[in-house]
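A closer look at the structure
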Amino acid sequence: MSFFKRLFKVGESQAHSIVEKMEDPVKMTEQGIRDLKNDLSAAMSSLAQVKGIAIRTRKEADKNKNLANDYERKAMMLLQKIESGAIDSAEGERLATEALNKKEQNNKDAERLAAEARDHEQRANDLQSKVNKLKGTITSYENDLITLKARSRTAASTKKINAQMASIDSSSTIGMLEKMKAKVEEDESLAQAYGEVAGSESSVDSEIDAALNSQGSASAANSLSELKKRMGLSS
Amino acid sequence: MGLKDFFTSRFKKNQETVDPISQLFLSDLKKGYFVDYDLKSWEVVSENRYEWGSEDVTYEWQIATHDENLFLEREPDDEDFWTLSSKIPFQSLDSQVRHQLTQSETAPETILFEGTTYYLDETGGALFYRDGSQTGKEVFKWDYCDDSETLWLTVEQWGENDYELSKGKTVKEYQFSNILPND
């Protein structure tokens, strides 16, 4: 591989790495759902148009059917008038034929429009199914996103707590506690040592003080000397 | 897509008010919307309201398919009460009933129509606003219902001698589906 090709690859991989870091999956999913909703809006708009066209076409078909019936009724009335001599036979028949032609034309239009209306209605039904399916899919995605967002937040909080717990272990807090414990123990030892020293000093003093302040033993000594004198013994 | 197209499309998207996923309710119907009922698609052709007094409003949507026009009415109460009716000729009422309604001060307590006895439920005057109009038109109504309160007969008086009759039934919201906005 040539040097420039390798350099390009390095640049490409770095660019991908940066873009990946920039990608927030939640935001990307939200954008995806927004795009789907736009597609759905467009589909719904088309569906509304098709439904409107279907209703109008069916209405037109009905109108033509009614017109055809009207022309047939008119042709019959013309024939009745010819029969009763109210109008000229040739003129009456010409008009009746015209009316029947119109009837045929309207019937044909009615049939064509009815077929068109059926097509539109079928298309509307198909579109409705697709719209409902798309709606269901988007709703499902939205629900998934809500769940994933909650899970993501929980994971982030857990991560934060765990990181804090981990940082407590490595920080000086425990060390400080240990140091404090050692210091307390040291102080306690020192206090005990001082206590022992103070204890030994006080025992010597107390013996002296006891010897000096012992009234009972002095009087006992005097009594002993007097007894020795009375018995003629030397001290 | 050019830069201009991009911003134009973004601007248009911002103007959209109806979230295609949000659950649309029957009370959200607007003129131009479509709704499916009784295996047919219906287009909302007008959106009206009757104001009976302060905060006493009933809402009405005229829905049409190729061969039928119906009036869907919502009466907000503890829960919404829905009726669906169609206009029928006033002349189809018995002549004595018509006479009593048009000439007498008091409306009949019951009307026998097409084999069903309807009982006077309520009467009242309202202002009728068509398609969000600011000007209301005075109307007086007599509402009759059968003993199960599922069939309705309504007489409306518009002006001095203009009477309209409609026959309806109680409906439930679940009977309507696929509400489709059309902005």
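Note: the structure precedes this text.
Figured I'd write up the structure that's included with this text. (Residues numbered from 1 in each chain as written. Chains lettered and ligands numbered in written order. Predicted model: local features only at pLDDT ≥ 70, side-chain atom pairs only at ≥ 80, totals over all residues. Heavy atoms only, no water.)

Take the overall build of chain B next. In terms of regular secondary structure, chain B is built from two helices and 11 strands. For chain B, the α and β elements follow one another from N to C terminus as α-β-β-β-β-β-α-β-β-β-β-β-β. Each of the three principal axes of chain B carries a C-alpha extent, and together these read 75 × 35 × 35 Å. The buried share of chain B, taken over its 183 residues, is 40%. In chain B, of all internal contacts separated by at least 6 residues, the share reaching a separation of at least 24 is 45%. Working note: accessible area of chain B is about 10,800 Å², and carbon and sulfur atoms make up 45% of it. Considering chain B, the positive charge centre built from 17 side chains and the negative charge centre built from 38 side chains are found 11 Å apart. (Helix = DSSP H or I, 4+ residues; strand = E, 2+ residues; numbered from the N terminus. Buried < 20%, exposed > 50% of the residue type's maximum accessible area, 1.4 Å probe, protein only. Contact = heavy atoms within 4.5 Å. Areas by Shrake-Rupley, 256 points an atom, 1.4 Å probe, with all protein chains shown as cover. Lys, Arg positive; Asp, Glu negative; His and termini not counted. Charge placed at Lys NZ, Arg CZ, Asp CG, Glu CD.)

Residues and elements named next belong to chain B. Where strand S2 (residues 40–53) lies against strand S7 (residues 116–130), four bridges are found, and the strand directions are antiparallel. The residue bridging Glu51 from the neighbouring strand is Leu127, located in S7. Of the pairings in the sheet, the one linking strand S6 (residues 110–113) to S7 comprises four bridges and is antiparallel in character. Across the sheet, residue Thr110 finds its bridge partner in S7, namely Tyr119. Note: S7 against strand S8 (residues 137–145), nine bridges, orientation antiparallel. Of the residues in S8, the one forming a bridge with Phe128 is Lys137. Joining the antiparallel neighbours S7 and S8 is a turn of six residues, in which Asp131 adopts a positive phi near 50 degrees. (Pairing = 2+ DSSP bridges.)

Turning our attention to the interface of chain B and chain A. Between chain B and chain A, the residue contacts involve 18 residues of the former and 20 residues of the latter. Sorting the residues of chain B by area buried against chain A places Pro20, Ile21 and His66 of chain B first, and these three jointly supply 39% of that buried surface. Inspection of the region where chain B meets chain A yields two salt bridges. Note that Glu43 of chain B and Arg56 of chain A form a salt bridge whose closest N and O atoms lie 3.8 Å from each other. Put simply, chain B and chain A have two residue pairs in polar contact (both at pLDDT 80 or more) between them. Of all elements in the fold, only strand S1 (34–37), S2, strand S3 (56–65) and strand S11 (176–180) of chain B reach the threshold of two or more residues within the side of chain B that touches chain A. Among the residues forming the side of chain B that touches chain A, the class breakdown is seven nonpolar, five polar and six charged. (Buried area = accessible area lost by both parts, 1.4 Å probe. Salt bridge = Lys/Arg side-chain N within 4 Å of Asp/Glu carboxyl O. Polar contact = N/O pair within 3.5 Å; in protein donor to acceptor, adjacent residues only side chain to side chain. Nonpolar A, V, L, I, M, F, W, Y, C, P; charged D, E, K, R; others polar.)

Residues and elements named next belong to chain B. Looking at chain direction, S8 and strand S9 (residues 151–158) are connected through six bridges and run antiparallel. Bridge pairing links Lys141 to Glu156 in S9. If you look at the hairpin formed by S8 and S9, you'll find five residues sitting between the two strands, and Glu149 has a positive phi there, around 55 degrees.

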